Amino acid sequence: MSAGRDAHWDVAVVGAGTAGLAAATEAAGAGLDVAVFDQLAPGGQLVNLTAVHGVPGFTGSGPDLMARLVERAEAAGVAVRYAQVTRVHGEGPLRLDTADGEITADAVVVATGLGPGRLGLPGEAELAGRGVSTCAGCDGPLFRGAPVAVVGDDEWTAEEALELAGLASAVTVLVPGEPRWSASRAARLAAVENVEVLAGASVVGLRGEGVLSGVVVRTVDGERELTVRGVFPYVGRRGPEALVEGLPVDGAGRLVAEQGGRTAVRNLFVAGDARAGAVEELPAAEADGAAAGRAAVAALRSGAGPTPAAAPPAGGLRVVDPTHGVPPADEAAAMASGGTADWSQVALFSNSKPNATELLQGLGARLQEHWALPELGFASKPNASVAADKDTIDWLSERFKMVLVAVGD
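These numbers were taken from a predicted model, which means no experiment stands behind them. (Residues numbered from 1 in each chain as written. Predicted model: local features only at pLDDT ≥ 70, side-chain atom pairs only at ≥ 80, totals over all residues. Heavy atoms only, no water.)

Novice: For this particular structure, what's the right way to read the packing of aromatic side chains?
Specialist: Two aromatic rings are characterised by how far apart their centres lie and by the angle between their planes. Summed over all chains, the structure comprises one aromatic pair. Geometrically, the ring pair formed by phenylalanine 143 and phenylalanine 232 is edge-to-face, given 5.7 Å between the ring centres and 80° between the ring planes. With phenylalanine 143 in the loop between α5 (136-139) and β7 (147-151) and phenylalanine 232 in strand β13 (residues 230-233), this pair connects stretches of sequence that are 89 residues apart. There is no split in this pair, since phenylalanine 143 and phenylalanine 232 are both buried. (Phe/Tyr/Trp six-rings, centres within 6.5 Å; stacked < 30°, edge-to-face > 60°. Helix = DSSP H or I, 4+ residues; strand = E, 2+ residues; numbered from the N terminus. Buried < 20%, exposed > 50% of the residue type's maximum accessible area, 1.4 Å probe, protein only.)

Novice: Explain unusual backbone geometry here, please?
Specialist: For residues that are not glycine, phi is negative in most cases, and the peptide bond is trans in most cases. The backbone phi angle of asparagine 267 is positive, close to 65°, even though this residue is not glycine. By the element assignment, asparagine 267 lies in the loop between β13 and β14 (268-270). Relative accessible area serves as the criterion here: at 12%, asparagine 267 is assigned to the buried category.

Novice: I tried to follow the side chain of aspartate 288 on my own but got confused; where do I start?
Specialist: Topologically, aspartate 288 is positioned in helix α8 (residues 282-304). Judged by its relative accessible area of 17%, aspartate 288 is buried. Once residues lying within four places of it in the same chain are set aside, the contact partners of aspartate 288 are Ala271, Gly272 and Arg275. (Contact = heavy atoms within 4.5 Å.)

Novice: Explain the confidence of the model for the protein chain here, please?
Specialist: When pLDDT drops low, the exact placement of atoms in the prediction is not to be read closely. In this model, the protein chain carries an average pLDDT of 79, and 68% of its residues clear a pLDDT of 70 or more. Below a pLDDT of 50 lies the segment residues 304-343, which in the model reaches 49 contacts outside its immediate sequence neighbourhood of four places, other chains included. (pLDDT = per-residue confidence, 0-100.)

Novice: How do you make sense of the sheet that holds strand β12 (residues 222-227) when you look at a structure like this?
Specialist: To summarise the sheet geometry, strands pair through backbone hydrogen bonds and adopt either a parallel or an antiparallel arrangement. Taken in spatial order, the three strands make up an open sheet running β10-β11-β12, and their pairing is antiparallel. At either end of the open sheet lies a strand with only one pairing partner, and these are β10 (202-207) and β12. Within this sheet the neighbouring strands show an average axis-to-axis angle of 25°, counted without direction. Bridging between strand β11 (residues 214-219) and β12 involves six bridges; their strand directions are antiparallel. Its bridge partner lying in β12, valine 217 is registered against arginine 224. (Pairing = 2+ DSSP bridges. Axes fitted to C-alpha atoms, helices over the stretch in contact; angles between N-to-C directions.)

Novice: What exactly am I supposed to notice about the sheet that holds β7 here?
Specialist: With parallel pairing, the four strands of this open sheet are ordered in space as β9-β8-β7-β13. A single partner strand is all that each edge strand has here, and the edge strands are β9 (195-199) and β13. Looking at each pair of strands side by side, their axes are set apart by 20° on average, direction ignored. Relative to β13, β7 runs parallel, the two being bridged by four bridges.

Novice: Before we go on, may I ask you to explain the nonpolar core in this structure?
Specialist: Within soluble globular proteins, side chains that are nonpolar tend to cluster in buried spots. Ranked by size, the top nonpolar core spans 31 residues in total, and within it Val11, Val13, Leu21, Val34, Val36, Val109 and Phe269 carry the most contacts. Residue assignment for this core shows that the elements contributing at least two residues are β1 (8-14), α2 (18-29), β2 (34-38), α3 (62-76), β6 (101-110) and α8. With seven residues, the top contributor of residues to this core is α8. Leucine 21 has contacts with Gly15, Ala16, Val36, Met66, Leu69, Val70 and Ala73, leaving out every residue within four places of it along the chain. Of all hydrophobic cores here, the second largest spans 23 residues; its members include Ala12, Ala35, Ala105 and Leu247. (Core = buried A, V, L, I, M, F, W, Y, C linked by side-chain atoms within 4.5 Å.)

Novice: Help me out: how do you make sense of the packing of helix α6 (residues 155-165) against helix α7 (residues 183-190) in this one?
Specialist: Helices that pack against each other are described as a pair by the angle of their axes relative to one another and the distance between those axes. In contact at an axis separation of 10 Å, α6 and α7 are set at 25° when each is read in the N-to-C sense. When the axis of α6 is compared with that of α7, the two are roughly parallel. Crossing of α6 against α7: the hand is left-handed. Counting all contacts with α6, which are made through Glu155, Ala158, Glu159, Ala161 and Leu162, the residues of α7 involved are Arg185, Arg188 and Leu189. (Parallel < 35°, antiparallel > 145°, perpendicular 65-115°, else oblique. Left-handed = near helix turned anticlockwise from the far one by under 90°.)

Novice: Sorry if this is basic, but what is going on with the pattern of salt bridges here?
Specialist: Any two side chains of opposite charge can pair, so long as their charged atoms come close to each other. Enumeration over the complete set of coordinates arrives at twelve salt bridges. Measuring nitrogen to oxygen at the nearest pair gives 2.7 Å for the salt bridge that ties glutamate 159 to arginine 185. Note that glutamate 159 is positioned in helix α6 and arginine 185 in helix α7, a separation of 26 residues in sequence. Of the two residues, glutamate 159 and arginine 185, neither departs from the other in class, the shared state being buried. With its nearest N and O atoms 3.4 Å apart, the salt bridge here joins glutamate 225 to arginine 207. (Salt bridge = Lys/Arg side-chain N within 4 Å of Asp/Glu carboxyl O.)

Novice: Would you mind showing me how to read the state of the cysteines here?
Specialist: Chemically, a disulfide is nothing more than a covalent bond linking the sulfur atoms of two cysteines. The final tally for this structure, using the stated rule, is one disulfide. Disulfide partner of cysteine 135: cysteine 138, at an S-S distance of 2.1 Å. A torsion of 70° about the S-S bond marks the disulfide between cysteine 135 and cysteine 138 as right-handed. When its relative accessible area of 10% is taken as the criterion, cysteine 135 is described as buried. (Disulfide = S-S within 2.5 Å.)

Structure below.
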């Protein structure tokens, strides 16, 4: 593509990990021009796993899974671009600063994940690459047959410990508080003989001159020195707090978002581990990215106005109420400024009463035939006397732009 074409996209996704590729695939599948940006290569942390667990229907390595995700994204029309995005400007048109120049986009999805772990101890920087590492898949072979420590409490900590267990002579998992990883990972850790998990253990010092020789561990019983050749910290990881100015973040620098990854900046979304409250599981990251991609599509379609198939007058959706003497052809029909209804995204919702459901189904059949709708959503409450299910409402709000409701009694 030409440089000019690459300078603007309908949707730009920052980060080509599981969540970022899912968001890009979803948006491209809806017919938008989408690019995903990554500094080095697609995959994020996933490419460093020799075996992937917890993904239904998949058996293989991280690179195998990532190759599948990239192939799916490119088949949908996603353009993969290798460039570091250093800043996203949310004021006015969305702009991205990259090493190759400025990019503009109608919508942006931030899916950068989290930064590397940090112990925050004296000498840590000097020992980086000399015993201090943040990638078991990358550096694990350097510690084959040697004792190592892993520091953290989350899913990735457990996964890295399991990765190292096949290489190191002993793996000590130091958990500052209590483990937050899943029961399945806890069971896998417990089943490995050379892995020991110590809860309530913090690393307060590093030992070694030029090369790591051990760490000082503090527990309720006091401090002791643990002899290890390598330490892998997964504490102190930060979200992309400095990437977008002015957005609220949580205590770990992850971006605060609403349903579908919407942030306080118009048409800016966040997905995956970069989002505050995200579940650190691969299936969850993929679902989170897909939700952000759908939300970006919905935002752009609503902002673009009605489709030609509906052909309402420019400026909004024509609102006609024949019961008040305003026929459909009357030029004086009321106009809703900024209307965003799209007749290709219609859903029906009833309170489960038979007469309400029949009314909607009859109306829906006529709408679908008249407007040649490719899809017509339908949902109802399981019981007329209870509140609507939240997941159902979320699905309707994310997937459809117009919801027709009928209530029977």
